[in-house]
Amino acid sequence: MFSRKTVCYVTGASRGLGESIALNFAGRFPEGSLFVLLARNGSDLEAVKNRLLQKAPTARALVRVFDQGTLDQRAFESVFSETLESAGAKAADFEQAILVNNAGSIKPIVFVRNLPAVEELSKYLNVNVAGVISLTSQFLRTFQSSMSRAVINISSLGAVQPFKSWAMYCSGKAARDMFFSVLAGEEEDVRVLNYAPGPLQTDMSNLLVESEDEGVRTWAKQAKAENQLLSCDTSVNKLIQILEKDSFKSGAHIDFYDEI
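Residues numbered from 1 in each chain as written. Predicted model: local features only at pLDDT ≥ 70, side-chain atom pairs only at ≥ 80, totals over all residues. Heavy atoms only, no water.

The name given to the protein chain in an unreviewed UniProt entry is Sepiapterin reductase, with the source organism recorded as Batillaria attramentaria. Note on the protein chain: under the UniProt heading Subcellular location (unreviewed entry), the record states "Cytoplasm". Its UniProt record gives the protein chain a comment under Subunit (unreviewed entry), which states: "Homodimer." (UniProt positions renumbered as here; feature names shortened; annotations may be inferred.)

This is the structure:
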């Protein structure tokens, strides 16, 4: 996978795991590969872009402010074509296209009986499910079967195991896993991976102390105090090993702690 001249899109690339994916992937692809960093914070994206180019001087990189929760279909229809145009490139210039669906959120972390009104629930699903689906669909229309394609979904243990107060998060991650499993069945020439990165040292993990469930709060505090959380770089290095070995069944759910 890393031997091909590639255009790689990473969502949620302005910080945390998305930033780590961009920085650790960058130096592994051949000269002329293009990295497109998507997130809502433009200044943070520019900072990540600068670090990426310092680490991989032969790579190309650009940023685009993108709200995955938007209901504007034109935003999804234009994001790939307009970023390629901005880079002075076209799909045919590359041997491979990769989409890393990393962007997501965890709040609300409350019991089901205390979930917010339907408008807030819809916003959550727009960001974490509908936006991911629409972006992936447009990716497949832009980059077609004449080139190698791979789609990576950043999943979670919560996709396969319930956690109290995580009803929305677990439901969203489970929906994404199933969506990408269906994609793998439909598009046999697309490599699809649902990767659960393990418990990470990120802003998202810090929010767990706000959970309504005492058990979740206790675990979050203990994990942080006892240095049980993984660095993003550690988890991304495992992801790279999985992709390099390339022995997984397309559409599989693989956790950081799984043997490969």
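Next comes the rest of the account.
Caption draft 1: Broad picture of the overall build of the protein chain. Broken down by element type, the protein chain carries 8 helices and 7 strands. Its C-alpha atoms put the protein chain at 50 × 40 × 40 Å along the principal axes. Counting all 260 residues of the protein chain, 50% fall into the buried class. Of the roughly 12,100 Å² that the protein chain leaves accessible, carbon and sulfur atoms contribute 50%. Distance from the positive charge centre (27 side chains) to the negative charge centre (30 side chains) of the protein chain: 2 Å. (Helix = DSSP H or I, 4+ residues; strand = E, 2+ residues; numbered from the N terminus. Buried < 20%, exposed > 50% of the residue type's maximum accessible area, 1.4 Å probe, protein only. Areas by Shrake-Rupley, 256 points an atom, 1.4 Å probe, with all protein chains shown as cover. Lys, Arg positive; Asp, Glu negative; His and termini not counted. Charge placed at Lys NZ, Arg CZ, Asp CG, Glu CD.)

Caption draft 2: Main features of the packing of helix α1 (residues 16-26) against helix α2 (residues 42-55). One way to put it is that α1 packs onto α2 with a least axis distance of 8 Å and a crossing angle of 20°. It follows from the interaxial angle that α1 and α2 lie roughly parallel. The crossing of α1 and α2 is right-handed. Across the interface between the two elements, Glu 19, Ala 22, Leu 23, Asn 24 and Ala 26 of α1 pack against Val 48, Arg 51, Leu 52 and Lys 55 of α2. (Axes fitted to C-alpha atoms, helices over the stretch in contact; angles between N-to-C directions. Parallel < 35°, antiparallel > 145°, perpendicular 65-115°, else oblique. Left-handed = near helix turned anticlockwise from the far one by under 90°. Contact = heavy atoms within 4.5 Å.)

Caption draft 3: Fine view of the packing of aromatic side chains. Considering all chains together, one arrives at 14 aromatic pairs under this definition. Between the aromatic rings of Tyr 9 and Phe 80, the centroid separation amounts to 4.7 Å while the plane-to-plane angle is 75°, which identifies the pairing as edge-to-face. A residue pair is termed long-range when its members are at least 10 positions apart, and Tyr 9 in strand β1 (residues 6-11) and Phe 80 in helix α3 (residues 73-86) qualify at 71 residues. Like Phe 80, Tyr 9 is buried. With centroids separated by 4.7 Å and ring planes inclined at 40°, the aromatic side chains of Phe 163 and Trp 166 adopt a geometry described as tilted. The partly exposed category is assigned to Phe 163, whose relative accessible area is 26%. Residue classification places Trp 166 among the buried residues on the basis of a relative accessible area of 11%. (Phe/Tyr/Trp six-rings, centres within 6.5 Å; stacked < 30°, edge-to-face > 60°.)

Caption draft 4: Broad picture of the nonpolar core. One finds Phe 25, Phe 35, Leu 52, Val 100 and Leu 243 to be the most contacted residues of the largest nonpolar core, which totals 39 residues. For this core, the secondary-structure elements that each account for two or more residues are β1, α1, β2 (34-39), α2, β4 (96-101), β5 (148-154), β6 (190-196) and α8 (232-245). Counting 28 residues, the second-largest nonpolar core is a separate cluster that includes Val 36, Ala 75, Ala 97 and Val 132. (Core = buried A, V, L, I, M, F, W, Y, C linked by side-chain atoms within 4.5 Å.)

Caption draft 5: Quick look at the side chain of Asn 153. By the secondary structure assignment, Asn 153 is in strand β5. According to the relative accessible area criterion, Asn 153 is buried, its value standing at 0%. Leave out the neighbours within four places in its chain, and Asn 153 touches Asn 101, Arg 176, Asp 177, Phe 180, Leu 193, Asn 194 and Tyr 195.

Caption draft 6: How the structure looks around unusual backbone geometry. Residue Pro 108 follows Lys 107 across a cis peptide bond; omega there is 10°. Position of Pro 108 relative to the elements: it lies in the loop between β4 and α4 (118-142). Within the chain, Ser 165 stands out as a residue other than glycine whose phi angle is a positive 80°. Looking at the element boundaries, Ser 165 is found in the loop between β5 and α5 (167-186). Here the phi dihedral of Asp 246 falls at roughly 55°; this positive angle occurs in a residue that is not glycine. By the secondary structure assignment, Asp 246 is in the loop between α8 and β7 (252-255).

Caption draft 7: Structural detail: the sheet that holds β4. In spatial order, the strands read β3-β2-β1-β4-β5-β6-β7; together these 7 strands make up an open sheet with parallel pairing. What marks the edges here is a single partner per strand, and that holds for β3 (60-65) and β7. Between one strand axis and the next, the sheet turns through 20° on average, direction left out of account. In the packing of α4 onto the sheet, the strands contacted are β1, β4, β5 and β6, and the crossing angle to β4 comes to about 180°. (Pairing = 2+ DSSP bridges.)

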